[in-house]
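Given next are the chains, with one letter for each unit.
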Amino acid sequence: MSQVKWGSTKGLIGLTVLLMGMAAYLIAMQVEVRAIFIAHDNAIATGKRLKEEQADLLMKIRRASLPGEISQGAQALGLSVAKDDDTVSLVVAEPQPEADSKKESDHAQ
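Chemist: Quick question: what am I supposed to make of the overall build of the protein here?
Modeler: Secondary structure assignment for the protein yields three helices and zero strands. Along the chain direction, N to C, the helices and strands of the protein fall in the order α-α-α. When burial is assessed residue by residue, the protein has 1% of its 109 residues classed as buried. When the accessible surface of the protein is split by element, carbon and sulfur atoms take 64% of a total near 10600 Å².

Here it is as structure tokens:
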């Protein structure tokens, strides 16, 4: 009978060790999952903050590009305000397709 009790005790000790190991593994996994959720929440918060900063910067760019702002900046630097008679517009013509194909045929010969 002592053999049976010792075998049962060994099995019980083995199951206890296995249970403790699985509990430790479960706790480690829970800590890892919690860390992942925290990192995810931080990433979402950072994304929201960056979107707000982007919107703020775009608004500042739009305000700075208004003609009144440009004129005030020019006057602050001692420059004259641009007028239509002082303004030159440059237009770049697009290349003609015929000219491109003619050049290719010249290179081929």
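Chemist: How should I be thinking about the pattern of salt bridges in this particular structure?
Modeler: Side-chain pairs of opposite charge can arise where the charged atoms are in close proximity. All chains considered together, the criterion is met by two salt bridges. Here arginine 49 ties to glutamate 53 by a salt bridge, and the two come within 3.1 Å at their closest N and O atoms. With a gap of four residues between them, arginine 49 and glutamate 53 both fall in helix 1 (residues 2-64), about one helical turn apart. Among the residues examined, arginine 49 registers a relative accessible area of 42% and is labelled partly exposed. Residue glutamate 53 is classed as partly exposed on the basis of its relative accessible area, which comes to 39%.

Chemist: Which parts of the structure should I look at to understand a nonpolar patch on the surface?
Modeler: Together, Leu15, Leu18 and Met22 make up a nonpolar patch on the protein surface, roughly 330 Å² of accessible area in all. Along the chain, leucine 15 falls in helix 1.

Chemist: I'm lost on the confidence of the model for the protein in this one. Help?
Modeler: One rule of thumb: low pLDDT means the predicted coordinates there are not for detailed reading. Averaged over all residues, the pLDDT of the protein is 84; the fraction at 70 or higher stands at 83%. Here helix 3 (residues 97-108) is the element of the protein with the lowest mean pLDDT, 61, and helix 1 is the one with the highest, 91.

Thresholds applied
Residues numbered from 1 in each chain as written. Predicted model: local features only at pLDDT ≥ 70, side-chain atom pairs only at ≥ 80, totals over all residues. Heavy atoms only, no water. Helix = DSSP H or I, 4+ residues; strand = E, 2+ residues; numbered from the N terminus. Buried < 20%, exposed > 50% of the residue type's maximum accessible area, 1.4 Å probe, protein only. Areas by Shrake-Rupley, 256 points an atom, 1.4 Å probe, with all protein chains shown as cover. Salt bridge = Lys/Arg side-chain N within 4 Å of Asp/Glu carboxyl O. Patch = residues over 30% accessible without salt bridge, like charges linked within 9 Å, V, L, I, M, F, W, Y side chains within 5 Å. pLDDT = per-residue confidence, 0-100.

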